[in-house]
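Secondary and tertiary structure notes
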Amino acid sequence: MARYTGPKTKISRMFGEPILGNGKWLGKNSNPPGMHGAQRKRKTLGEYALQLKEKQKAKYSYGVLEKQFRNTFVEAARRKGVTGENLIKLLEARLDNTVFRLGIAISRPAARQLVAHKHITVNGMVVNVPSYQLQPGDTIGLKEKSSINTAVTSNIRGRNPKFGWLDWNEAEMKGTFIAYPERESVPENIKEQLIVELYSK
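This structure is a prediction, so every number in the text was calculated from the model and none was measured. (Residues numbered from 1 in each chain as written. Predicted model: local features only at pLDDT ≥ 70, side-chain atom pairs only at ≥ 80, totals over all residues. Heavy atoms only, no water.)

So, the sheet that holds strand β1 (residues 120–122)
Read across the open sheet, the 5 strands follow the order β2-β1-β3-β5-β4; overall the sheet is antiparallel. Of all strands in the sheet, those with a lone pairing partner are β2 (125–126) and β4 (166–169), marking the two edges. Summarising the sheet, β1 and β2 pair through 2 bridges and their orientation is antiparallel. In the sheet register, T121 faces β2, and the bridge partner there is V126. (Pairing = 2+ DSSP bridges. Helix = DSSP H or I, 4+ residues; strand = E, 2+ residues; numbered from the N terminus.)

Shown next, in the form of structure tokens:
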């Protein structure tokens with residue numbers, strides 16, 4: 001299963017923000033990674049470098065590698081509407097991301113593991129593909145055996161109320177993907193227009 005397994009703090013320092021959810025070390029050391037990171041002068045990035053950096057940030061944030069990310073972009077460009085916004089909507093509609101947003105898992109990697117290990121159901125059917133694209137109205141829940149597994153349920157914290165495109169039923173431990181989110185509702189600090197410009201070259 002293709003995924004990034006390297007040091008997470010290094011990636012956070014590269015971008016200067018906790019894109020992988022572990023920002024506790026940024027306060028102590030916000031320099032770029034590497035032995036000479038503190039002495040290295042920060043250069044003004046060119047247009048291409050800025051675009052590439054933004055694409056890398058999106059890939060690391062959502063845990064997607066290059067081929068899958070490009071396929072998602074192609075689908076976003078094919079759909080009606082603004083390509084950059086469509087890209088963010090498709091990334092947010094991934095099953096692993098939605099499991100994380102619903103509060104079933106504490107991080108996207110943890111959500112990906114739950115999906116891959118067949119703990120998650122979509123409309124009552126077990127789905128073990130993290131990149132599975134949800135459609136508005138889909139119901140996401142835990143498999144019956146998993147719902148009584150304390151190792152799985154102990155990390156459930158409930159949906160953040162900011163995510164209005166999702167609904168969480170705590171009694172049934174089920175969530176609903178109501179609709180694709182509007183761009184302004186997604187908290188990720190990603191300049192998607194730079195990614196569109198990169199792929200348009």
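Having seen it, we continue.
With respect to the packing of helix α1 (residues 8–15) against helix α2 (residues 47–62)
Orientation of α1 relative to α2, taken along the N-to-C sense of each, is 145°, at an axis distance of 11 Å. Crossing angle aside, the handedness with which α1 passes α2 is left-handed. Each of I11, M14 and F15 in α1 lies in contact with α2, whose residues at this interface are K53, Q56, K57 and Y60. Class assignment of the residues belonging to the contact of α1 with α2 gives a composition of 4 nonpolar, 1 polar and 2 charged. (Axes fitted to C-alpha atoms, helices over the stretch in contact; angles between N-to-C directions. Left-handed = near helix turned anticlockwise from the far one by under 90°. Contact = heavy atoms within 4.5 Å. Nonpolar A, V, L, I, M, F, W, Y, C, P; charged D, E, K, R; others polar.)

A short note on the layout of surface pockets
In this model, the largest pocket occupies a volume close to 690 Å³. Around the largest pocket, the lining comprises 33 residues; the ones closest to its centre are L20, Y60, S61, G63 and P109. Partitioning the lining of the largest pocket into residue classes produces 15 nonpolar, 9 polar and 9 charged. (1 Å grid on protein atoms, 1.4 Å probe; cavity = no way out; pocket = protein on both sides within 12 Å on 5 of 7 lines; lining within 4 Å. Points joined across faces, edges and corners; volume = space filled by probe spheres on them.)

Examining the nonpolar core
Formed by 37 residues in total, the largest nonpolar core has its most connected members in F69, L95, V99, I104, I120 and I140. Of the residues forming this core, the biggest block, 4 residues, is contributed by helix α4 (residues 83–92). Not counting chain neighbours up to four residues away, the residues in contact with I120 comprise L95, V99, I104, L114, V115, M125, V126, V127, I140, G141 and L142. (Core = buried A, V, L, I, M, F, W, Y, C linked by side-chain atoms within 4.5 Å. Buried < 20%, exposed > 50% of the residue type's maximum accessible area, 1.4 Å probe, protein only.)

What about the packing of aromatic side chains?
Summed over all chains, the structure comprises 4 aromatic pairs. Geometrically, the ring pair formed by F163 and W165 is tilted, given 5.2 Å between the ring centres and 45° between the ring planes. Neither F163 nor W165 differs from the other in exposure class; each is buried. Site record: aromatic cluster; members linked through ring pairs are F69, F73 and Y199. Here R101 stacks its cationic end above the ring of F163, 4.8 Å away from the centre of that ring. The ring of Y62 has R108 sitting right over it, with the charged end atom 4.6 Å from the ring centre. (Phe/Tyr/Trp six-rings, centres within 6.5 Å; stacked < 30°, edge-to-face > 60°. Lys NZ or Arg CZ within 6 Å of the ring centre and 35° of its normal.)

Remarks on the packing of α2 against helix α8 (residues 192–199)
Between α2 and α8, whose axes approach to 8 Å, the crossing angle comes to 115°. In terms of axis orientation, α2 runs roughly perpendicular to α8. Crossing of α2 against α8: the hand is left-handed. Between α2, through Y48, L50, Q51, L52, E54, K55 and A58, and α8, the contact on the second element is made entirely by L194, I195, E197, L198 and Y199. A class-by-class count of the residues in the contact of α2 with α8 yields 8 nonpolar, 1 polar and 3 charged. (Parallel < 35°, antiparallel > 145°, perpendicular 65-115°, else oblique.)

Here's the deal with unusual backbone geometry
A positive phi is found at K118, a non-glycine position, where the angle reads about 65°. Looking at the element boundaries, K118 is found in the loop between α6 (108–116) and β1. Backbone geometry at M173 places phi at a positive 50°, although glycine is not the residue there. Its place among the elements puts M173 in the loop between β4 and β5 (174–177).

Some remarks on helix α3 (residues 66–78)
Between its terminal C-alpha atoms α3 stretches 18 Å, which fits the 18 Å expected from 13 residues at 1.5 Å a residue. Within the span of α3, buried status applies to F69, T72, F73 and A76. What you see down the axis of α3 is that its buried residues fit within an arc of 100°, all on one side. Structural note: α3 exposes K67 and R78 on the side pointing more than 90 degrees away from its buried face. For α3, the elements touching its buried residues are α2, α4 and α8. (Expected span 1.5 Å × (residues − 1). Arc of directions from axis to C-beta.)

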